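Okay, here's what each chain looks like letter by letter:
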Amino acid sequence: MTRNTLGSASALMALTIVLSACQSPPHDTPGGSGSSTATAGASADRAVYVTGARPDDDACTRVVSAIGYLELSLLPSGQEDAQRYDGDVRGRFGYVRGTLAMYGPHLPASLAGPVATIEEVGTPLSTAATAPSTRPALLREYRKASRTITSACPRP
């Protein structure tokens, strides 16, 4: 019994250390306070939802990158009915949502609709409890909106 308790305590301590080490240090922001982490009362322009991101990064570059990162885990278009939604895929939908929360307001105004669509369908696509029967249609909506964004953003 003591061995299990010590093992559990050791595992918890190791997890705490790893999670603490994963916290990104605050970046200095131009003319800012030196902290760019999301805090209560912080403006949306200063909140950081994406590890390593800076509020002054190019919005199109960040959003297109997040969409591409998710696409690596998705089956090709037309295979939405066979798509699996494991933790990797759901987490990547969450990553796209966080990227859009941070950079969506800085995209061209013409992309406000597709950004709102991705937020709307990205929430259930990133949630494990979503009914499997609803996912294919949501993924098709996501793909249409993400194609609109990637087509409108200039290529570097």
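Definitions and limits used
Along each chain, numbering runs from 1 in the same order as the chain's sequence is written. Whole-chain, interface and lining totals are the exception, using all residues; otherwise, since this is a predicted model, local features are given only for residues with pLDDT of at least 70 and side-chain atom pairs are given and counted only at 80 or more. To get the side-chain values, all heavy atoms of the structure are used, and hydrogens and water are removed first. Every helix listed is a DSSP run of H or I at least four residues long, and every strand listed is a run of E at least two residues long, numbered separately from the N terminus. The classification of residues rests on relative accessible area computed with a 1.4 Å probe and restricted to protein chains. Under 20% of the type maximum is buried, over 50% is exposed, and intermediate values are partly exposed. In what follows, residue pairs with any heavy atoms lying within 4.5 Å of each other are defined as contacts. Surface accessibility in these figures is a Shrake-Rupley result with a 1.4 Å probe; residues are shielded only by whichever protein chains are displayed. With axes taken as lines fitted to C-alpha atoms, and helix axes fitted only over the stretch in contact, angles between N-to-C directions fall between 0 and 180 degrees. With respect to orientation, any angle under 35 degrees is reported as roughly parallel, any angle over 145 as roughly antiparallel, any angle of 65 to 115 as roughly perpendicular, and every other angle as oblique. Two helices that cross are described as forming a left-handed crossing if the nearer one is turned anticlockwise from the farther one by less than a right angle, and a right-handed crossing if clockwise. Three classes are used, and their members are as follows: Ala, Val, Leu, Ile, Met, Phe, Trp, Tyr, Cys and Pro are nonpolar, Asp, Glu, Lys and Arg are charged, and the others, Gly among them, are polar. Note on terminology: disulfide denotes any pair of cysteine sulfur atoms within 2.5 Å. In this description, a nonpolar core means a group of buried Ala, Val, Leu, Ile, Met, Phe, Trp, Tyr and Cys residues linked to one another through side-chain atoms lying within 4.5 Å. Expected helix span is taken as 1.5 Å per residue step, with the number of steps being one fewer than the number of residues.

S.K.: Run through the overall build of the protein chain, naming residues and quoting values.
M.R.: Secondary structure assignment for the protein chain yields five helices and zero strands. In the protein chain, the order of α-helices and β-strands from amino to carboxyl end is α-α-α-α-α. The buried share of the protein chain, taken over its 156 residues, is 32%. Of the contacts formed within the protein chain by residues at least 6 apart in sequence, a portion of 62% connects residues at least 24 apart. Only carbon and sulfur atoms are counted for the fraction: they give 58% of the accessible area of the protein chain, which is about 9300 Å².

S.K.: So what's going on with the packing of helix H4 (residues 112-125) against helix H5 (residues 135-152)? Residues and values would help.
M.R.: To describe two helices that pack against each other, one gives the angle between their axes and the distance between the axes. Close contact between H4 and H5 brings their axes to 9 Å; oriented N to C, the two are set at 150°. For the element pair H4 / H5, the angle class is roughly antiparallel. At the point where H4 passes H5, the crossing takes the left-handed sense. Contacts between H4 and H5 involve Pro-114, Val-115, Thr-117, Ile-118, Val-121, Pro-124 and Leu-125 from the first element and Arg-135, Leu-138, Leu-139, Glu-141, Tyr-142, Ala-145, Ser-146, Thr-148 and Ile-149 from the second. Considering only residue class, the contact of H4 with H5 consists of eleven nonpolar, three polar and two charged.

S.K.: Could you give an account of the state of the cysteines, with specific residues and numbers?
M.R.: Here the structure, examined in full by the defined rule, presents one disulfide. In this model, Cys-60 is linked to Cys-153 through a disulfide, with the two sulfur atoms separated by 2.2 Å. Handedness here is read from the sign of the S-S torsion; for Cys-60 and Cys-153, about -75°, the answer is left-handed. Pair noted here: Cys-60 is in helix H2 (residues 59-71) and Cys-153 is in the segment after H5, with a separation of 93 residues, a long-range link. For Cys-153, a relative accessible area of 4% puts it in the buried group.

S.K.: Break down the nonpolar core for me, with residues and values.
M.R.: Grouped together as the largest cluster of nonpolar side chains are 27 residues, with contacts concentrated most on Phe-93, Leu-107, Tyr-142 and Ile-149. When near neighbours in sequence (up to four residues on either side) are disregarded, Leu-107 contacts Ala-59, Cys-60, Val-63, Leu-100, Val-115 and Cys-153.

S.K.: Requested: an account of H5, with residues and values cited.
M.R.: End to end, H5 covers 26 Å across 18 residues, agreeing with the expected 26 Å (1.5 Å per residue, within 8%). Of all the positions in H5, only Arg-135, Pro-136, Leu-138, Leu-139, Tyr-142, Arg-143, Ala-145, Ser-146, Ile-149 and Thr-150 are classed as buried. Along its buried surface, H5 packs onto H2, helix H3 (87-103) and H4.

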